Protein chains: 2
Amino acid sequence: MILTVTLNAALDVTYGVDSLRPRTSHRVGAVHRRAGGKGVNVARVLAGRGRAVTVTGLVGGPTGALVREDLRAVPGLRDALVPVSGESRRTVTVVSGDDGDATVFNERGPQVSPSEWRAFADRFAELVREASVVALCGSLPPGLPSDAYAQLVARAAETGVPTVLDTSGAPLLDALGARPDVVKPNAAELASATGCEDAGAGAERLRGLGARSVVVSSGPGGLLAVTPEGRRRAVPPERLAGNPTGAGDACVAALAAGLADGAHWGDVLSDAVALSAAAVACPMAGDVDAATYERFRTTVTVEDLHAPQPH
Amino acid sequence: MILTVTLNAALDVTYGVDSLRPRTSHRVGAVHRRAGGKGVNVARVLAGRGRAVTVTGLVGGPTGALVREDLRAVPGLRDALVPVSGESRRTVTVVSGDDGDATVFNERGPQVSPSEWRAFADRFAELVREASVVALCGSLPPGLPSDAYAQLVARAAETGVPTVLDTSGAPLLDALGARPDVVKPNAAELASATGCEDAGAGAERLRGLGARSVVVSSGPGGLLAVTPEGRRRAVPPERLAGNPTGAGDACVAALAAGLADGAHWGDVLSDAVALSAAAVACPMAGDVDAATYERFRTTVTVEDLHAPQPH
């Protein structure tokens, strides 16, 4: 199975309003609630493709109970979340009926104690032994050490299980020394972490710090992969309008599946671009549109660029 | 004791953000959660003044459990809320750190079944027998008949217990035939319900439809009361900056306390204006600032206007 880790699991709440007007009161029409956090969304995409997938991470409080209740409804997804005493975070996305635009409010998450973190690390060590790949995704809740992902990547490596890491800022930089197999920043996260505006230079910087391969997502611009085999660019055949929030998670799902299958990088990248586009076609993160996926998977352009710099 | 009714009890959540910018993502700093809904706020004000007060209404789901947990922390307040199977609503207030402005999102509330409504009405009939006054406050959740307040006011009247009603729209208009003792719309609610821009004319319209007395709140403009004794206007000595959201609830608390004590209208109105001002001085609805209350209670101007039109 593929193991996904969501240390800051969330209940994603969507509010429909007629029109967002700051400094006024709004009647909320439709309210949707769904288990979220990047690793949960990645697991949902994998489960939807028939993959055996296990979700772990941290949840707590009444909001955490709603997260778990929602996950029980996903066929093929196993819940191995670890309880904490704090309350899981909510994200509130306000969608305006007039223009469809989304305004997002992200709570920080529960305060996690050192003993809760140790309990999680022990559970992770058990779960990783059953995994073919581990995907580690998203922000860290308050209280966790900034090298939390480094500890988990190191444990997976000891067990011989490859890792895909999708996070940003200090948790990303602090994890690189543990040598994750694939790191997937988006272009803005990469520039922020490395100071490099050029994606290729930024990716090389992350590889120099320990990442084995780096896949940089640039929205409709597609993916740039810098791997031990060289550089490749994968570009979608057309630009899609829609909801970009789940595209990165769909990309991580494809990278994890490709790593699990030992697929060729060219195939992995075209699958990742097609699956990202299929996520843009759906309003909720974690969903993918089957027709878009079928249409894109054979029409993504993958181009070999020059050889990588040695490390 | 004073009984307050909150048919659409809520968890009031406040999000602190640096600056509200539509169509962007926000990191939420401080998150505050508190039991809310108008009747809950009224009860909190009364309990803070040493009054024996009982809260009833409808709550459900994990959010309802958080509402009840929060109420347990209020000294002197008795929880007699009635459970429903749906999930209680949340309100989310986003406060911008740059200008202090508040943007509010109100969920509609749980769907209530006819049998749940009958169970509530039975419980209300028991509670009202112990009450000196009933305050009925706020919106109705989905599924309730629009004459829900009429049924409760009629039951209180049969038991000989006077009522204060603070609601708007159809639930207000449909309740008037049951002859509530005091109705407290704000100026905008009154204009919307009656089509009268003039508060005095609007209040007479509500009295014509069955309200015994009408107290119209106009924010810093104070109160206009139209009662069987005539018209009075009560005006605060100065204009306060602050949070107006709890002022109406503090006003209702003073009206309920005055009705329970059989106080003179002039005294009731000056107390209501002082308590409303004391609520404006506090950031959270349901709180009142003791120093502001003491400063205002002796300096409110109450003016007798002309005699009421006969009904």
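Residues numbered from 1 in each chain as written. Chains lettered and ligands numbered in written order. Predicted model: local features only at pLDDT ≥ 70, side-chain atom pairs only at ≥ 80, totals over all residues. Heavy atoms only, no water.

## With respect to the overall build of chain A
Here is the rule we go by: Helix and strand definitions follow DSSP, with helices as H or I runs of at least four residues and strands as E runs of at least two, each counted in order from the N terminus. We take the radius of gyration over the C-alpha atoms and set the globule estimate at 2.2 Å times the residue count to the 0.38 power. Whether a residue is buried, partly exposed or exposed follows from its accessible area with a 1.4 Å probe, protein chains only, as a fraction of its type maximum: under 20%, in between, or over 50%, in that order.
Looking only at helices and strands, chain A has 10 helices and 16 strands in total. Against the compact-globule benchmark of 19 Å for 311 residues, chain A has a radius of gyration of 19 Å, which places it among compact chains. Overall size of chain A, expressed as C-alpha extent along the three principal axes, is 55 × 45 × 40 Å. Counting the 311 residues in chain A, one finds 54% classified as buried.

## Quick look at the side chain of B:Thr63
Stated formally: Contact between two residues is taken to exist if any of their heavy atoms lie within 4.5 Å; hydrogens are not considered.
Topologically, B:Thr63 is positioned in helix H2 (residues 61–71). Residue class for B:Thr63 comes out buried when judged on its relative accessible area of 1%. Ignoring any residue separated from it by four or fewer positions in sequence, one finds B:Thr63 in contact with A:Arg90, B:Leu11, B:Glu87, B:Ser88, B:Arg89 and B:Arg90.

## Some remarks on the UniProt feature "domain: Carbohydrate kinase PfkB" (unreviewed entry) in chain A
Heads up, the condition is: UniProt positions are given in the numbering used here, feature names are shortened, and annotations may be inferred rather than shown by experiment.
The UniProt feature table records "domain: Carbohydrate kinase PfkB" (unreviewed entry) at residues 13–286 of chain A. Each end of residues 13–286 of chain A is marked by a C-alpha atom, and these two atoms are 14 Å apart; helix forms 39% of the span and strand 24%.

## As for the pattern of salt bridges
Residue and element names in this part refer to chain A. What counts is decided by this rule: In what follows, salt bridge is the name for a side-chain nitrogen of Lys or Arg lying within 4 Å of a carboxyl oxygen of Asp or Glu.
The full count for this structure, using the stated rule, is 32 salt bridges over all chains. Arginine 123 serves as the salt-bridge partner of glutamate 126, at 2.8 Å between the closest nitrogen and oxygen. Remark: arginine 123 and glutamate 126 occur in helix H3 (residues 114–128); sequence separation between them is 3 residues, near one turn of the helix. For glutamate 126, a relative accessible area of 38% corresponds to the partly exposed category. The class for arginine 123 is partly exposed, based on a relative accessible area of 28%. Residues joined by salt bridges that share partners form a network here, namely Glu204, Arg207 and Arg231.

## Digging into the sheet that holds strand S2 (residues 10–17) of chain A
Test applied: Two strands qualify as a pair provided that DSSP identifies no fewer than 2 bridges between them. Only the stretch in contact is used when fitting a helix axis, every axis being a line fitted to C-alpha atoms; angles between N-to-C directions are given from 0 to 180 degrees.
Strands sit in the order S4(A)-S2(A)-S8(A)-S9(A)-S3(B) across an open sheet of 5 strands; the sheet is mixed. Single-partner strands in this sheet number two, and they are strand S4 (31–36) of chain A together with strand S3 (25–27) of chain B. When strand polarity is set aside, the average angle formed by the axes of neighbouring strands in this sheet is 20°. The sheet contact formed by strand S8 (residues 89–96) of chain A and strand S9 (residues 102–106) of chain A spans 5 bridges and is antiparallel. When the bridges of S9(A) are listed, A:Thr91 appears paired with A:Asn106.

## Describing helix H1 (residues 38–48) of chain A
Structurally, the α-helix is built with 3.6 residues per turn, so residues lying three or four positions apart point the same way. All names here are of chain A. By the criterion of burial, H1 is predominantly enclosed, with 9 of the 11 residues buried. Taken together, the buried positions of H1 are occupied by Gly39, Val40, Asn41, Val42, Ala43, Arg44, Val45, Leu46 and Ala47. Just downstream of H1, glycine 50 is the residue with a positive phi angle, here 85°.

## A few points about the environment of B:Ala35
All names here are of chain B. Mapped onto the elements, alanine 35 comes out in strand S4 (residues 31–36). Judged by its relative accessible area of 1%, alanine 35 falls in the buried class. In this structure, the C-alpha to C-alpha distance between alanine 35 and leucine 46, residues 11 residues apart in sequence, is 15 Å. If near-sequence neighbours (up to four positions away) are discounted, alanine 35 is found in contact with Ala10, Leu11, Asp12, Val40, Asn41, Arg44, Val67, Asp70 and Leu71.

## What to know about the pairing of strand S13 (residues 213–217) of chain B
Residues and elements named next belong to chain B. Counting buried residues along S13, 5 of its 5 residues qualify, which places the element largely inside the surrounding structure. The two faces of S13 match: Ser213, Val215 and Ser217 on one face and Val214 and Val216 on the other face are all buried. Bridge count for strand S12 (residues 182–183) against S13 is 2 bridges, and the pairing is parallel. For valine 183, the partnering residue across the bridge sits in S13 and is valine 214. Pairing analysis gives 4 bridges linking S13 to strand S14 (residues 223–227), with the strands arranged antiparallel. Within S14, the residue paired with valine 216 across the bridge is leucine 224. The turn linking S13 back onto S14 is made up of 5 residues, and glycine 219 within it adopts a positive phi angle of 55°.

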